[in-house]
Each structure stands twice: as structure tokens, then as C-alpha cells.
Amino acid sequence: MQEITLEQLAYDRGAIYLDNSVLNQDLNLCLVRQTPYFRRGVSVPSIAERLGAAKSFHDVKQSILNRQLRFSSKLNETIGSYETVRSSVVVVGEYLALIDHLERALDFLVARSCKRKRGIKEATLRELTEHHQSSYNLLLPRSIPVPGDESLARYLENNRLHFSPDNYFVKRNLLQDTSRGDSQLVSQAIMDSLISRKPVSIISADFDIVNLVRNYGLRSYRQELPAILDGKDRGLVTVYFPAESFWIPSLGLQLMCNTAGEQEVYGVPGRYF
């Protein structure tokens, strides 16, 4: 199993695109049901879900806030240190929606809790929200469209390339269509790699991302891509998921697949073409 930290990846390689599925993930256990780590069937609410359900600070555990604070601080530090860490326009918009949710939850809980009960919980939630806001401010100017990415995104969507080509990485609740955010993120990463001629990585916890990259790599290998990409080097785009063992505290990652045909299924290296 190949494991690397986000910081090592940012230091050694080209651009890194963050998916919204990892932007508030503060546990080693992956929070997204469709990932391989969810085969145990354990469901863990996100910080956004916990805050949305709380009626006052009494309903929010300090340990949950501390965990998100450590994560948001580490994420912000890494994004601030490496300009190669970026995202797509849609994902950054979704990240802003998360921050707005955290701020509304903070205002609601402050209003619903007496001063004696707020204390350190209010301060912790305020600080972690500020970390996310700082990360957003850093990502926003870096997350701009890449020439050709809209055309490629439509191709990925129209051909439903988020479906598994080999029955691996299949979502439990499979949607008919992939999200606009997923297709744009993958297309932007691919076009970035083609234009820069450098390897590009995507950090995600979503099987749609894995399958979009695998299907693109497979069609490129078979020379079945549309005219806009015909004859071009397919670039190198690699998808990493949070490592179950050390995403926290190190933002550790493990390989899922790349456009060169490599993949790891439940941690076992292999190939899909």
C-alpha cells in the first residue's frame, strides 16, 4: 500500500486538487459511505451534520470541536505553505457553503446557550471556522478554469464515465448522474496535467472521482477520446484517498488509481488496463 502525506505530495509533485469530500474530514475512518473503508457499515456524522442537529452548545461535545480544530489548522497550514494546492470553481463554491453553515451554526448556538455554557466551545468553534475561512481565501484565487476543461467535463458527464468499468469502486447508493463538481474537478486536473506536462493529484473520498479518472485513462489507452484530446499525451492524474491509518494527524494519503492504469483495490496493487 503506497502512503504519502499531503505535505510530501505538495512538496514533490505538481498541482493538487482538493475535493469537497475531504475539506472537513477530521477522522481516520472515512466518512463517505461509498469508500472501501465503509465496508464495516459504520456511519459517522460530519461536523456540519452535528452542528446542524444541535439545539445548544450542550449538544456539542468539546472533543468533536477539538478534533475539527486540529484538522482545520493542519489543512490551513498545508494550503498556506504550498501554492500547488488548489481546487475547482464548483468545489470552492461548495466549500464556502460549508463555511457559511459553520458561521450560522455558531450564531445559532451562541444565541441559544447561556454565557456560562458557551465558554471554550464557542471559542473553539469560532477558531476552527476562521481556519476554514483562511483556507477558502487561499484556494479561491488558485481555483480558476483551465482551457478545455468545460468541454472535457461535458464529455465525462454525457458519457456517464462515473460508472465503474469493472465493478470495483461502486457506490452503495448509485446516482444516475455524477455531480457537476466531480466532473469539473477531474476535467480541470486532466487539462492542467496536459498543459503543464506535470503530474497532477486529486485528493478525494468519492468513488465517482476514481471512476471518472479510470474511465478517462482507459479511453485514452484505447484511443477512444474525443477529437479535442485525440493524439495528445493523456497526462498523469492520480487519485488519493485519506489513509485510514494516518489521515489524522498527518493528512496521510493512499493511492487509489491513476490515468496510467494503476490502481489499488482494498489496498492491493493492480491494474485496470
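As the structure is a computational prediction, the values presented were derived from the model and not from experiment.

## Focus: the overall build of the protein
Inference 1: Helices and strands together make up the secondary structure of the protein, namely nine helices and eight strands.
Inference 2: Put simply, the protein has 273 residues, and 55% of those count as buried.
Inference 3: For the protein, restricting intrachain contacts to residue pairs at least 6 apart in sequence, the fraction spanning at least 24 positions comes to 77%.
Inference 4: Total accessible area on the protein stands at roughly 12,400 Å², and carbon and sulfur atoms take up 49% of it.

## A look at helix 6 (residues 149-158)
Inference 1: All of the buried residues in helix 6 are Asp-149, Leu-152, Ala-153, Tyr-155 and Leu-156. Relative to the axis of helix 6, the buried residues are bounded by an arc of 160° and lie together on one face.
Inference 2: As for helix 6, its buried residues are in contact with helix 7 (180-196) and helix 8 (207-221).
Inference 3: Taken from the residues just after helix 6, Arg-160 is the one with a positive phi, measuring 50°.

## Topic: the environment of Leu-18
Inference 1: Along the polypeptide, Leu-18 turns up in strand 2 (residues 16-18).
Inference 2: The spacing of Leu-18 and Val-85 is 67 residues in sequence and 7.3 Å in space, taken between C-alpha atoms.
Inference 3: Sequence-distant contacts of Leu-18, defined by excluding residues within four places in its chain, comprise Leu-23, Leu-75, Ile-79, Val-85, Arg-86, Ser-87, Val-91, Leu-185 and Ile-203.

## Description of the pattern of salt bridges
Inference 1: Under the defined criterion, the tally for this structure stands at eight salt bridges.
Inference 2: The residue Asp-192 makes a salt bridge to Arg-86 at a minimum N-O spacing of 3.0 Å. Of this pair, Asp-192 sits in helix 7 while Arg-86 sits in strand 3 (residues 85-86), and the two are 106 residues apart along the sequence.
Inference 3: Across the pair Arg-180 and Glu-157 runs a salt bridge whose closest N-O atoms are separated by 2.5 Å. With Arg-180 in helix 7 and Glu-157 in helix 6, this pair connects stretches of sequence that are 23 residues apart.
Inference 4: By relative accessible area, which is 31% here, Arg-180 ends up partly exposed.
Inference 5: Given the relative accessible area of 25%, Glu-157 is considered partly exposed.

## Describing the pairing of strand 5 (residues 237-242)
Consecutive residues of a regular strand have side chains that alternate between opposite faces of the sheet.
Inference 1: Most of strand 5 is tucked away, with six of its six residues classed as buried.
Inference 2: Direction of pairing for strand 4 (residues 200-203) relative to strand 5: parallel, over a ladder of four bridges. Among the inter-strand pairings, Ile-203 is bridged to a residue of strand 5, identified as Tyr-240.
Inference 3: Where strand 5 lies against strand 6 (residues 252-258), five bridges are found, and the strand directions are antiparallel. Considered in strand 6, the bridge of Thr-238 is made with Asn-258.

## Some details on the packing of helix 7 against helix 8
Inference 1: It is at 9 Å that the axes of helix 7 and helix 8 come closest, and there the two elements cross at 40°. The angle between helix 7 and helix 8 falls in the class oblique. Classified by chirality, the crossing of helix 8 by helix 7 is right-handed. For the pair helix 7 and helix 8, the contacting residues are Asp-182, Ser-183, Leu-185, Val-186, Ile-190 and Leu-194 in the first and Asp-208, Ile-209, Leu-212, Val-213 and Tyr-216 in the second.
Inference 2: Within the contact of helix 7 with helix 8, the residues separate by chemical class into eight nonpolar, one polar and two charged.

## Regarding the packing of aromatic side chains
Inference 1: Scanning the entire structure with this criterion turns up five aromatic pairs.
Inference 2: Both rings, one in Phe-71 and one in Trp-247, keep their centres 6.0 Å apart while their planes meet at 40°; by these two values the pair is tilted. Of this pair, Phe-71 sits in helix 3 (residues 62-81) while Trp-247 sits in helix 9 (residues 247-250), and the two are 176 residues apart along the sequence.
Inference 3: The exposure class assigned to Trp-247 is buried, which follows from its relative accessible area of 1%.
Inference 4: Ring geometry for Tyr-221 versus Phe-273: centroids 4.3 Å apart, planes at 20°, classification stacked. Placement of Tyr-221 in helix 8 and of Phe-273 in the segment after strand 8 (268-271) is noted, with a sequence separation of 52 residues between them.
Inference 5: Among the residues examined, Tyr-221 registers a relative accessible area of 48% and is labelled partly exposed.
Inference 6: These aromatic residues form a ring-pair network of at least three members: Phe-169, Phe-207 and Phe-241.
Inference 7: Arg-214 extends its terminal NZ or CZ atom over the ring of Tyr-272, reaching a point 5.8 Å from the ring centre.
Inference 8: Geometry around Phe-273 places Arg-271 over its ring, the cationic atom sitting 5.6 Å from the centre.

## Describing the confidence of the model for the protein
Inference 1: For the protein, the mean per-residue pLDDT works out to 88, and 88% of the residues sit at or above 70.
Inference 2: Per-residue pLDDT stays below 50 along residues 31-41; that stretch engages in 39 contacts with residues further than four places along the chain or on separate chains.

Quick notes on the rules
Residues numbered from 1 in each chain as written. Predicted model: local features only at pLDDT ≥ 70, side-chain atom pairs only at ≥ 80, totals over all residues. Heavy atoms only, no water. Helix = DSSP H or I, 4+ residues; strand = E, 2+ residues; numbered from the N terminus. Buried < 20%, exposed > 50% of the residue type's maximum accessible area, 1.4 Å probe, protein only. Contact = heavy atoms within 4.5 Å. Areas by Shrake-Rupley, 256 points an atom, 1.4 Å probe, with all protein chains shown as cover. Arc of directions from axis to C-beta. Salt bridge = Lys/Arg side-chain N within 4 Å of Asp/Glu carboxyl O. Pairing = 2+ DSSP bridges. Axes fitted to C-alpha atoms, helices over the stretch in contact; angles between N-to-C directions. Parallel < 35°, antiparallel > 145°, perpendicular 65-115°, else oblique. Left-handed = near helix turned anticlockwise from the far one by under 90°. Nonpolar A, V, L, I, M, F, W, Y, C, P; charged D, E, K, R; others polar. Phe/Tyr/Trp six-rings, centres within 6.5 Å; stacked < 30°, edge-to-face > 60°. Lys NZ or Arg CZ within 6 Å of the ring centre and 35° of its normal. pLDDT = per-residue confidence, 0-100.

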